[in-house]
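For reference, the chains in residue letters:
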Amino acid sequence: VAALARLRDAVLFEGSFETAINEALPRDASQLAEKLASESMRELGFDASVSRSGRCLLTNDRFLSPEDSESSPGAPPAEPPLLAKLRVDRAGVNIHVDRGAFMECYARIMMRFTRLTMHQREKLEAVRRASVAVLLAPAGGGKTFVAVQRVVQVLNEDPDATVLFVARNEALALFVCKWLVIASRKSAEHVVERVHVLVAPFSSGPRCVRVEALGGRRRLVLGEKRCDATTYALIVVDEAHHLVGDSSLRSELAELGAAESSLLFLGDVSQATSTISSPEEIARSLVDLPQDQGVVVATLSEVVRSTKRIVAGAAAFQL
C-alpha cells in the first residue's frame, strides 16, 4: 500500500513517473517497437511495428480487428484499432500518462479496504473529539481511509450536514468520493448531494459532485459551476503538507467561513515534520484560527499491508 501511495503521488503530482518512463524508453521508433515486441508480449497477443508515417504501433489481434495497414495512394489514411499509438518526431518518443485511467486502477485496489485496524480506530476517535485536527501518517498509513470514515460519521450523525473535501487534484478528489460511497453503504446520489469538492485552482470555489451515466456505467463527475454558499459541518484538506501557506486556498477557506467548521487536515508525517516546526502550523497557515483554539495532532504509525486485499483489487469497480 505504501508503494501504491508513492506511485500515486509520482503520477498525479510530481510527474516523476512520466519522466522515468520516457527516460527508460529508446528515442527511436524502431528500437521502441523491438523492445515492445518481446516474447512475453507476443504470448499475450501483442504486436509492435513502425508505420511509414513514423509511428510505433501496438496492436492486439485477439481483441481488436481489422489488422493495421498503410493506406493506398490517394485514399484517406486508415486508422488501425490500437491499444497504444506513439507519434515519433524529431524530439523522439514521448509518453503521457492518462491520470484518469490510472485513478480508476488505483481505485479498484483501494476500495477493497473497508475495515479499520484497531490503531486506525483509535486515531479516528481522537480526531472525532477535536474541532480542529491534523492527521499525519507515512505513505500507506491510511490517513485518507480514516478521513473517509470521519466523513461518514458526520453525515450519519446529522442528516442536514454537508462536507467539503479539498484536494489539489480533481481525479484524487473524485476517488475519495467513490470511496465515500462504498463506505457509507448508501446510494451514490444520496451521498454526493451532501459532499462538495474544492480543487485547484481554489479561487474557482467549491463544486458539487453528480452521478453521470455513460455507456451502461455510472461515474462521478464535478459540476462546472460554483456551489451555492453553505455552512460546512466538516472540511477535510488532503495532502495539506503541500498546501501550507497557500494564499489562494487560505482566501477561499476564509470566504467559506472555515473557522466556524470542524476541520481535519491530512499530511505525510515525514514531509510535514521536515518543512514546518510544528504540525499545528498546517492548520493555522490555512485557516485564521483563534489563538486559544486547540489543534489535536494524531499520527498513524502503522503501514497497512495486505497482499490479499491488493490482489483482490483487480476486480472491476462500479458505482
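Visitor: So what's going on with the packing of helix 6 (residues 118–128) against helix 7 (residues 143–157)? Which residues, and what values?
Guide: The geometry of helix 6 relative to helix 7 is characterised by a closest axis approach of 10 Å and an angle of 50° between their N-to-C directions. As the angle between them shows, helix 6 and helix 7 are arranged oblique. Here the hand of the crossing between helix 6 and helix 7 comes out right-handed. Between helix 6 and helix 7, the residues in contact are Q120, L124, V127 and R128 and F145, V146, Q149, R150 and Q153, respectively. Residue classes in the contact of helix 6 with helix 7 are distributed as 4 nonpolar, 3 polar and 2 charged.

Visitor: Could you give an account of the sheet that holds strand 7 (residues 207–214), with specific residues and numbers?
Guide: An order of 8-7-6-5-9-10-4-11 is seen for the 8 strands of this open sheet, with the pairing classed as mixed. The open sheet has two edge strands, strand 8 (217–226) and strand 11 (296–299), and neither has a second partner. Adjacent strand axes in the sheet meet at a mean angle of 30°, parallel and antiparallel pairs treated alike. By the bridge criterion, 4 bridges tie strand 9 (residues 234–237) to strand 10 (residues 262–268) in an arrangement that is parallel.

Visitor: Tell me what's going on with the nonpolar core, and back it up with residues and numbers.
Guide: Residues L135, L180, V209, V236 and L264 are the most contacted members of the largest nonpolar core, which totals 44 residues. Here this core gets 9 residues from one element, more than from any other, and that element is helix 8 (residues 170–184). Ignoring anything within four residues of it in the chain, the contact list for L264 reads V127, A133, L135, A147, R150, L234, I235, V236 and V237. Ranked by size, the runner-up nonpolar core spans 25 residues in total, among them Y232, V237, A283 and L289.

Visitor: Can you tell me about the side chain of S184, naming the residues and giving the values?
Guide: In this structure, S184 sits in helix 8. Here V181 takes part through its backbone oxygen, which lies 3.0 Å from a polar atom of the side chain of S184. Not counting chain neighbours up to four residues away, the residues in contact with S184 comprise V152 and V191.

Visitor: Give me the pattern of salt bridges: which residues, what numbers.
Guide: All chains considered together, the criterion is met by 8 salt bridges. Close ionic contact of E189 with R218 constitutes a salt bridge, the shortest N to O distance being 2.6 Å. Of this pair, E189 sits in helix 9 (residues 188–192) while R218 sits in strand 8, and the two are 29 residues apart along the sequence. Owing to a relative accessible area of 38%, E189 belongs among the partly exposed residues under this scheme. For R218, a relative accessible area of 32% translates into the label partly exposed. One salt bridge connects E212 with R219, and the closest N-O pair in it is separated by 2.9 Å. A residue is classified by how much of its surface remains accessible, and E212, at 22% relative accessible area, is partly exposed. The exposure class assigned to R219 is partly exposed, which follows from its relative accessible area of 39%.

Visitor: Tell me about unusual backbone geometry, and please be specific about residues and values.
Guide: P201 follows A200 through a cis peptide bond whose omega is -5°. Tracing the backbone shows P201 in the loop between strand 6 (195–199) and strand 7. One non-glycine residue with positive phi stands out, namely E239, at about 50°.

Visitor: Quick one: what's the story with the pairing of strand 10, residue by residue and with numbers?
Guide: The buried count for strand 10 comes to 6 of 7 residues, which makes it a mostly enclosed element. Pairing of strand 4 (residues 132–137) with strand 10, which is carried by 6 bridges, proceeds in the parallel orientation. Note that in strand 10 the partner of V132 across the bridge is L263. Between the parallel elements strand 9 and strand 10, the chain passes through helix 10 (residues 247–255) in a crossover that is right-handed.

Visitor: Please set out the environment of R284 residue by residue, giving values where relevant.
Guide: Checked against the element boundaries, R284 lands in helix 12 (residues 280–286). A residue is classified by how much of its surface remains accessible, and R284, at 22% relative accessible area, is partly exposed. Once the C-alpha coordinates of R284 and G245 are considered, the two residues, 39 residues apart in sequence, prove to be 8.7 Å apart. Not counting the four nearest positions on each side in its chain, R284 is found in contact with R250, L289, P290, Q291, Q293 and V295. Separated by 2.7 Å, the side chains of R284 and E280 make a polar contact.

Each value, and the rule that gives it
Residues numbered from 1 in each chain as written. Predicted model: local features only at pLDDT ≥ 70, side-chain atom pairs only at ≥ 80, totals over all residues. Heavy atoms only, no water. Axes fitted to C-alpha atoms, helices over the stretch in contact; angles between N-to-C directions. Helix = DSSP H or I, 4+ residues; strand = E, 2+ residues; numbered from the N terminus. Parallel < 35°, antiparallel > 145°, perpendicular 65-115°, else oblique. Left-handed = near helix turned anticlockwise from the far one by under 90°. Contact = heavy atoms within 4.5 Å. Nonpolar A, V, L, I, M, F, W, Y, C, P; charged D, E, K, R; others polar. Pairing = 2+ DSSP bridges. Core = buried A, V, L, I, M, F, W, Y, C linked by side-chain atoms within 4.5 Å. Buried < 20%, exposed > 50% of the residue type's maximum accessible area, 1.4 Å probe, protein only. Polar contact = N/O pair within 3.5 Å; in protein donor to acceptor, adjacent residues only side chain to side chain. Salt bridge = Lys/Arg side-chain N within 4 Å of Asp/Glu carboxyl O. Right-handed = clockwise from strand over helix to strand, strands pointing away.

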